[in-house]
Amino acid sequence: MAHIRCDFFSEALGVGTSMTVLLPDPGAAGIGMAGSGADGDPPVLYLLHGLTDDDTVWTRRTSIERYVAPLGLAVVMPQVQRSFYCDEAHGNRYWTFLSEELPEVCRSFFRLSDRREDTFVAGLSMGGYGALKWALRRPERFAAAASLSGALDVTRRRHHPTHPVDPAVWHTVWGDDPVPADDDTVGLLERSGDDRPALYVACGTEDFLYEDNVRFLDAARERDVPVTVDFGPGDHDWAYWDARISDVLAWLPLRTR
């Protein structure tokens, strides 16, 4: 894989920002590392970070580069601070950056497919929330979306008795108002149509976000929305996410397989 740390100026944010990108490399001479390449522009996975992380964290704490090497899959990991992938009430326009600017910037810098069937999104914790929100708000863009330990009932996080969102973060992102309808993943699920992408939800049963994930799945079942579910032992940690991202990659409907 080609491993690129890309620093660039964002018009949506009005400031320089960064993303980490993995690009397929057809070379297979590296010891212990497969390569894969195909004719045409490669499929792409947008892989989103959690609340306390940045765009480098997936490559530092998992084996994502090794996992995607034989798949011919590009991976784009953007930097969004502690924004919950929102246009913040008292901050910056991270939703606009993610959903509108980032895909165009990536395709202008790199050879990436823009076909829906070649485009996927996944993330962990805050990024799991961001991944499903993006997929449900822009279903025409994605073939599949996956959440690992996602904050999938974010409205409940404001006054949660044991794990509330930091009030300063909440105020920056949403101000003093309720979470808008377009930022509520449960509400988005209820309003989604038959064109939604395939959905995958994984969460460890010891995770403090487990009940949020159960509520999201209950809402999906009430509306006959198909979701691939992976609930089992695990906590809110990188041992769990490293294992589950490998499972997500095996689940993705990649046309190159």
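Residues numbered from 1 in each chain as written. Predicted model: local features only at pLDDT ≥ 70, side-chain atom pairs only at ≥ 80, totals over all residues. Heavy atoms only, no water.

A few words on the packing of aromatic side chains. On inspection of all chains with the given rule, the structure shows 12 aromatic pairs. Judged by centre distance (6.0 Å) and plane angle (90 degrees), the rings of Phe109 and Phe110 are edge-to-face. For Phe109, a relative accessible area of 44% translates into the label partly exposed. Ring geometry for Tyr200 against Trp251: centres 5.1 Å apart, planes inclined by 50 degrees, an arrangement best described as tilted. Of this pair, Tyr200 sits in strand S7 (residues 198–204) while Trp251 sits in helix H8 (residues 238–251), and the two are 51 residues apart along the sequence. Accessibility expressed as a relative area gives 5% for Tyr200, which makes it buried. Every member of this aromatic cluster is reached through a ring pair, and the members are Phe8, Phe97, Phe109 and Phe110. Positioned above the aromatic ring of Tyr240, the side-chain terminus of Arg244 is 5.0 Å from the ring centre. (Phe/Tyr/Trp six-rings, centres within 6.5 Å; stacked < 30°, edge-to-face > 60°. Buried < 20%, exposed > 50% of the residue type's maximum accessible area, 1.4 Å probe, protein only. Helix = DSSP H or I, 4+ residues; strand = E, 2+ residues; numbered from the N terminus. Lys NZ or Arg CZ within 6 Å of the ring centre and 35° of its normal.)

Its place among the elements puts Arg244 in helix H8. Judged by its relative accessible area of 18%, Arg244 falls in the buried class. A polar side-chain atom of Arg244 sits 2.8 Å from a polar atom in the side chain of Asp247. Discounting residues that sit within four places of it in the chain, Arg244 has contacts with Leu148, Ala202 and Asp230. (Polar contact = N/O pair within 3.5 Å; in protein donor to acceptor, adjacent residues only side chain to side chain. Contact = heavy atoms within 4.5 Å.)

Following the sequence through the fold, Asp230 ends up in strand S8 (residues 228–232). Residues Asp230 and Arg244, 14 residues apart in the sequence, show an inter-C-alpha distance of 8.8 Å. Reaching out from Asp230, the side chain makes a polar contact with the side chain of Arg244 at a distance of 3.3 Å.

Let's shift gears to the packing of helix H3 (residues 94–109) against helix H4 (residues 126–137). At a closest axis distance of 11 Å, the pairing of H3 and H4 adopts a crossing angle of 65 degrees. Relative to H4, the crossing made by H3 is right-handed. The segment H3 lies against H4, with Trp95, Leu98, Ser99 and Pro103 engaging Lys133, Trp134 and Arg137. For the contact of H3 with H4, a count of residues per class yields 4 nonpolar, 1 polar and 2 charged. (Axes fitted to C-alpha atoms, helices over the stretch in contact; angles between N-to-C directions. Left-handed = near helix turned anticlockwise from the far one by under 90°. Nonpolar A, V, L, I, M, F, W, Y, C, P; charged D, E, K, R; others polar.)

What follows deals with the sheet that holds strand S3 (residues 44–48). Sheet strands pair by backbone hydrogen bonding; their relative direction is either parallel or antiparallel. Across the sheet, 8 strands lie side by side as S1-S2-S4-S3-S5-S6-S7-S8; this open sheet has mixed pairing. In the strand order of this sheet, the two ends are held by strand S1 (2–10) and S8, each with one partner. Mean inter-strand twist for the sheet, computed between neighbouring axes without regard to direction, equals 15 degrees. Pairing analysis gives 5 bridges linking S3 to strand S5 (residues 119–124), with the strands arranged parallel. Directly across from Val44, in S5, lies its bridge partner Thr119. Sitting on the sheet, helix H7 (residues 210–222) is in contact with S7 and S8, with an inclination near 150 degrees to S7. Against the sheet, H8 makes contact with S3, S5, strand S6 (144–148), S7 and S8, and its axis sits at roughly 160 degrees relative to S7, the strand it touches most. (Pairing = 2+ DSSP bridges.)

In this structure, the second largest pocket encloses a volume near 280 Å³. Leu51, Ser125, Phe208, Leu209 and His236 are the residues nearest the centre of the second largest pocket, which is lined by 19 residues in total. For the lining of the second largest pocket, the residue count by class is 10 nonpolar, 5 polar and 4 charged. (1 Å grid on protein atoms, 1.4 Å probe; cavity = no way out; pocket = protein on both sides within 12 Å on 5 of 7 lines; lining within 4 Å. Points joined across faces, edges and corners; volume = space filled by probe spheres on them.)

Moving on, we get to the pairing of strand S4 (residues 74–78). Within a regular beta strand, the side chains point alternately toward one face of the sheet and then the other, so they alternate between its two faces. Here S4 lies mainly inside the structure; 5 of its 5 residues are buried. Side chains of S4 alternate between two faces, with Ala74, Val76 and Pro78 and Val75 and Met77 buried alike. Direction of pairing for S3 relative to S4: parallel, over a ladder of 3 bridges. Of the residues in S4, the one forming a bridge with Leu45 is Val75.

Here Thr62 shows up in the loop between helix H1 (57–61) and helix H2 (64–68). Within polar-contact distance, the side chain of Thr62 engages the backbone oxygen of Trp58 at 2.6 Å. Within polar-contact distance, the side chain of Thr62 engages the backbone nitrogen of Ile64 at 3.1 Å. Residues in contact with Thr62, not counting those within four places in the same chain, are Val57, Trp238 and Asp242.

Time to look at the nonpolar core. General note: in soluble globular proteins, nonpolar side chains tend to be found buried as a group. With 56 residues, the main nonpolar core has Met19, Tyr46, Val76, Phe84, Val121 and Trp174 as its most contacted residues. Judged by nonpolar contacts, the second largest core, of 30 residues, contains Phe120, Ala202, Trp241 and Val248. (Core = buried A, V, L, I, M, F, W, Y, C linked by side-chain atoms within 4.5 Å.)

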